[in-house]
Amino acid sequence: MKRTVSCLLVVSILLSLFSVAVFAEGGKCSCDKAPLVYVIGRQEVYDDPTAENPVNAIHKDKELLLDAVKEALPYLAKAVVTDKWDEYCNKLVEVMKPVFENYKLNDEGEVTNSSGCLSSWAPGEVLDNHQSDSVYSYAYPYDPRLDPWEIADDLNAYIQEVKQVTGHDKVALFSRCIGSAIAMAYLVKYGKPSGYEDISCFSLYNGTIGGVVAADAFFTGNISFDSDAIERYADEQLGTDALFQFLKMTIALFNKTYALDLGILGIEKLYSKIKRAFPEILLDSYATCPSYWSMLSPDKFEAAKEFVFGSKAEKYPVLISKIDRFHDKVQVNVENILKDMKAKGINISVICKYGSQIMPITAEAGQSISDNLIELSKQSYGATCSDITKTLSAEYLSKADKRFISPDKQIDASTALFPEYTWFIKDVAHFDFPDGISKLLVAFARSKEQMTVDSNELYPQYLLYDYKTDSVSPLTEENCNTHNYNKSILSRFISFITALLKLIKEKISSAVSPKA
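Note that this is a predicted model, so its numbers are computed, not measured.

Things to note about the overall build of the protein chain
Then, in step 1: Looking only at helices and strands, the protein chain features 18 helices and 12 strands.
Then, in step 2: The C-alpha radius of gyration computed for the protein chain amounts to 26 Å, which stays within 12% of the reference 24 Å derived for 516 residues, consistent with globular compactness.
Then, in step 3: If one aligns the C-alpha atoms of the protein chain with their principal axes, the spans along those axes are about 90 × 60 × 55 Å.
Then, in step 4: Of all 516 residues assigned to the protein chain, the portion counted as buried reaches 48%.
Then, in step 5: In the protein chain, the proportion of contacts linking residues at least 24 apart, taken out of those at least 6 apart, comes to 76%.
Then, in step 6: Element-wise, carbon and sulfur atoms account for 57% of the exposed surface of the protein chain, whose accessible area totals about 25,200 Å².
Then, in step 7: Between the mean site of the 54 positive side-chain charges and the mean site of the 69 negative ones, the protein chain shows a separation of 2 Å.

Looking at the environment of Ser473
Then, in step 1: With respect to the element layout, Ser473 can be found in strand E12 (residues 471–474).
Then, in step 2: For Ser473, a relative accessible area of 33% translates into the label partly exposed.
Then, in step 3: Once residues lying within four places of it in the same chain are set aside, the contact partners of Ser473 are Tyr462, Leu463 and Leu464.

Focus: unusual backbone geometry
Then, in step 1: Within the chain, Tyr381 stands out as a residue other than glycine whose phi angle is a positive 55°.
Then, in step 2: Residue classification places Tyr381 among the buried residues on the basis of a relative accessible area of 12%.
Then, in step 3: At Asp470, a position not held by glycine, the phi torsion is positive, near 50°.
Then, in step 4: Structurally, Asp470 is set in the loop between strand E11 (462–466) and E12.
Then, in step 5: Exposure remark for Asp470: the relative accessible area of 31% places this residue in the partly exposed category.

Topic: the sheet that holds strand E4 (residues 199–207)
Then, in step 1: Taken in spatial order, the eight strands make up an open sheet running E2-E1-E3-E4-E5-E10-E11-E12, and their pairing is mixed. Every interior strand has two partners, whereas the edge strands, strand E2 (138–140) and E12, have only one. The average angle at which neighbouring strand axes cross in this sheet is 25°, direction not considered.
Then, in step 2: Each of strand E1 (36–39), E2 and strand E3 (171–177) touches helix H4 (residues 148–166); the most contacted strand, E2, lies at about 165° to it.
Then, in step 3: The sheet contacts of helix H5 (residues 179–191) involve E1, E2, E3 and E4, and relative to E3 the element is tilted by about 140°.

Calculation notes
Residues numbered from 1 in each chain as written. Predicted model: local features only at pLDDT ≥ 70, side-chain atom pairs only at ≥ 80, totals over all residues. Heavy atoms only, no water. Helix = DSSP H or I, 4+ residues; strand = E, 2+ residues; numbered from the N terminus. Rg over C-alpha atoms; globule rule 2.2 N^0.38 Å. Buried < 20%, exposed > 50% of the residue type's maximum accessible area, 1.4 Å probe, protein only. Contact = heavy atoms within 4.5 Å. Areas by Shrake-Rupley, 256 points an atom, 1.4 Å probe, with all protein chains shown as cover. Lys, Arg positive; Asp, Glu negative; His and termini not counted. Charge placed at Lys NZ, Arg CZ, Asp CG, Glu CD. Pairing = 2+ DSSP bridges. Axes fitted to C-alpha atoms, helices over the stretch in contact; angles between N-to-C directions.

Structure follows, in structure tokens:
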């Protein structure tokens, strides 16, 4: 009996080994679940990711920043008195260097120290997990500072290994945030020349490839402020405890009484004096990273190069050639590539987020509908949007195709690049990655036909995110009014007093409570 069992075990093992060998030599999987390859957004970078306790490569510790402020303050005071700003600008550049010294790349846009990301991959590390319906089944990691055009080579190698390991001829390709630049570079470099033979479908999710307001502002030097945008941004970004509530209400009250506008005038005047320091600060930080140039709006690219490099362009020929290559080959051709993919039969979806105030550092920030980082019109490649506090005009709506108008009447999807394949999710910010949207991405990838905004009742064109349940549901006229941007000055004043009293009560309670 024992001999029989032993023989059966040996045969079973041999058969298993044989099947593995056959599969490794090109065996094909017959299931209809293409592996989900997700080019993730920006990862954190660390001084040394192999260290026991890795330290973020952007040194933001309070002691360092306070020391920088203390060191620069006397120079600022002197500049204000004398109206001579060169010395202060030089000191500002000097004190900012330690913050980014381990994050920045060299003059050629390459890593020359031990910095890097916690997540990475090496050939031979991919496992067969393609039956999973998680968008993170094959989450492709990369260093978010490097050249997207060069990273595309590594992404291609990753995709080939995923195909080999899973036995599938094609993968479903997703990209989010700055990962959209990597994915588009891959599609230009490897996808189009092969007729997209490795791709079953492609989703452009909340991509930065169309341009980011913050990148445009900092890299061109065109920074300005909008008081209403500052109030809304503070209201959304500051916390909910008593101190933050007090700060939010203070900013709101200052805005309604025009005190905030006076402060903005002072800040903009100061910026005009120190603007000359910004190119050097950028060249000691983000401007050495080719990937950050991919976040510029295409029409801002040349102005950004002139502002950042100026007379120092001769020092950075390799870096400039990298960012020029990506701009010329990829960024200005995104729409053409997407159209070509669709013409070749590749299923496409564009997933957008909105409902948040964009960073208030440009004159347009007071109007833009966004996810707090990217304007919705750029995420969607052309959707028509109202101002953030308004709706599309009655005249516009009377002539528009009602099928593509959002229930809150702020968006017309008919003018987007792919009206029928573009989804809009309200009340989810750029740096939030809810499970509800992940399920939409998987539903798109698993659809045998091109999924449209009409083909799945769970996922119409306009959706609302619920933080409490971490889910999305159809946006309707009944649930779409989630913001009140037009509070009266009396309402603001009452909120201010309420927040102040709450803060005082909290401080008193803290002072009289027994200490452990």
